[in-house]
Amino acid sequence: MKVTYRSTVIFTGKHASLHIPDDVLEKLGTNRRAPLKVTVNNHTYQSTATAVNGECRVVFPERERLAAGVDSPVEVEITLELDAGVREVDVPVALAEALAKAGLREKFDAQTYSKRREQARQVAEAKAAETIEKRVAKVLEGLNGY
């Protein structure tokens, strides 16, 4: 089920979020920690609802705002849908190979979607081979203590 409503993008410094009214959560049949597919201006991304100052919101990261063409606190049409499927993360080749070699892929996959996504992003955004190696090592080190 999808629910569409209008709300103003909330900016706090350089960060932004979208308010989710309680009646929208009720229509979706979920709570304030739901995994969601969020669509703004025909751009869809995955996120998780969260409670902020007593209300439910979903983060609206800069890369998603740029893709949706939103750069100010304007009113937008928002469509939310429960993201009930497996939330896959594109794992960079260097990280995938290191996880396989170390026998840690299963531990990596057992982490939350947000944790996996952030670790993959850090490796993917590295440009220099040395930086990639350091970031991959950091992920492996964290999983060894997991």
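Overview of the structure. (Residues numbered from 1 in each chain as written. Predicted model: local features only at pLDDT ≥ 70, side-chain atom pairs only at ≥ 80, totals over all residues. Heavy atoms only, no water.)

A look at the overall build of the protein
Per the secondary structure count, the protein includes six helices and eight strands. Along the protein, helices and strands appear, N-terminal first, in the series β-β-β-α-β-β-β-β-α-β-α-α-α-α. Principal-axis analysis of the C-alpha atoms gives the protein an extent of 45 × 30 × 30 Å. Considering the protein as a whole, with its 146 residues, one finds that 36% of them fall into the buried category. Sequence separation of 24 or more characterises 65% of the internal contacts of the protein that already satisfy a separation of 6 or more. A gap of 3 Å separates the mean positions of the 22 positive and 21 negative side-chain charges of the protein. (Helix = DSSP H or I, 4+ residues; strand = E, 2+ residues; numbered from the N terminus. Buried < 20%, exposed > 50% of the residue type's maximum accessible area, 1.4 Å probe, protein only. Contact = heavy atoms within 4.5 Å. Lys, Arg positive; Asp, Glu negative; His and termini not counted. Charge placed at Lys NZ, Arg CZ, Asp CG, Glu CD.)

Considerations on the packing of helix α5 (residues 113–125) against helix α6 (residues 129–144)
Where α5 meets α6, the closest approach of the two axes is 8 Å, and the angle between their N-to-C directions is 165 degrees. On the basis of their axis angle, the class for α5 and α6 is roughly antiparallel. Between α5 and α6 lies a crossing whose hand is left-handed. Side by side, α5 and α6 meet where Gln119, Gln122, Val123 and Glu125 of the first sit next to Ile132, Arg135, Val136 and Val139 of the second. (Axes fitted to C-alpha atoms, helices over the stretch in contact; angles between N-to-C directions. Parallel < 35°, antiparallel > 145°, perpendicular 65-115°, else oblique. Left-handed = near helix turned anticlockwise from the far one by under 90°.)

Re the sheet that holds strand β6 (residues 50–52)
Pairing is antiparallel in the open sheet, where four strands are placed in the order β2-β3-β7-β6. Of all the strands in the sheet, just β2 (10–12) and β6 have a single pairing partner and so form its edges. For this sheet the average axis-to-axis angle between neighbouring strands, irrespective of direction, equals 50 degrees. Direction of pairing for β6 relative to strand β7 (residues 55–59): antiparallel, over a ladder of three bridges. Its bridge partner lying in β7, Thr50 is registered against Arg57. (Pairing = 2+ DSSP bridges.)

A word on the pattern of salt bridges
Evaluated as defined, the whole model comprises eight salt bridges. Glu118 serves as the salt-bridge partner of Arg121, at 2.4 Å between the closest nitrogen and oxygen. Within this pair, Arg121 and its partner Glu118 are both found in helix α5, separated by three residues, close to a single helical turn. Judged by relative accessible area, Arg121 falls into the partly exposed class, the value being 27%. Exposure remark for Glu118: the relative accessible area of 31% places this residue in the partly exposed category. Arg121 is the salt-bridge partner of Glu125, the closest N and O atoms lying 2.5 Å from each other. With Glu125 and Arg121 both in helix α5 and four residues apart, the pair spans about one turn of that helix. (Salt bridge = Lys/Arg side-chain N within 4 Å of Asp/Glu carboxyl O.)

Some words on the packing of aromatic side chains
With the rule as written, the count across this model stands at one aromatic pair. Ring centres 5.8 Å apart and planes at 5 degrees place the aromatic pair Tyr45 and Phe60 in the stacked group. With Tyr45 in strand β5 (residues 43–48) and Phe60 in the loop between β7 and α2 (62–68), this pair connects stretches of sequence that are 15 residues apart. Neither residue differs from the other here; Tyr45 and Phe60 are each classed as buried. (Phe/Tyr/Trp six-rings, centres within 6.5 Å; stacked < 30°, edge-to-face > 60°.)

What about the pairing of β5?
Burial along β5 is one-sided: the face carrying His43, Tyr45 and Ser47 is buried and the face carrying Thr44, Gln46 and Thr48 is not. Relative to β5, strand β4 (residues 35–40) runs antiparallel, the two sharing six bridges. Within the sheet, the bridge partner assigned to Val40 lies in β5 and is His43. The antiparallel hairpin formed by β4 and β5 contains two residues in its connecting segment, where Asn41 sits at a positive phi of about 50 degrees.

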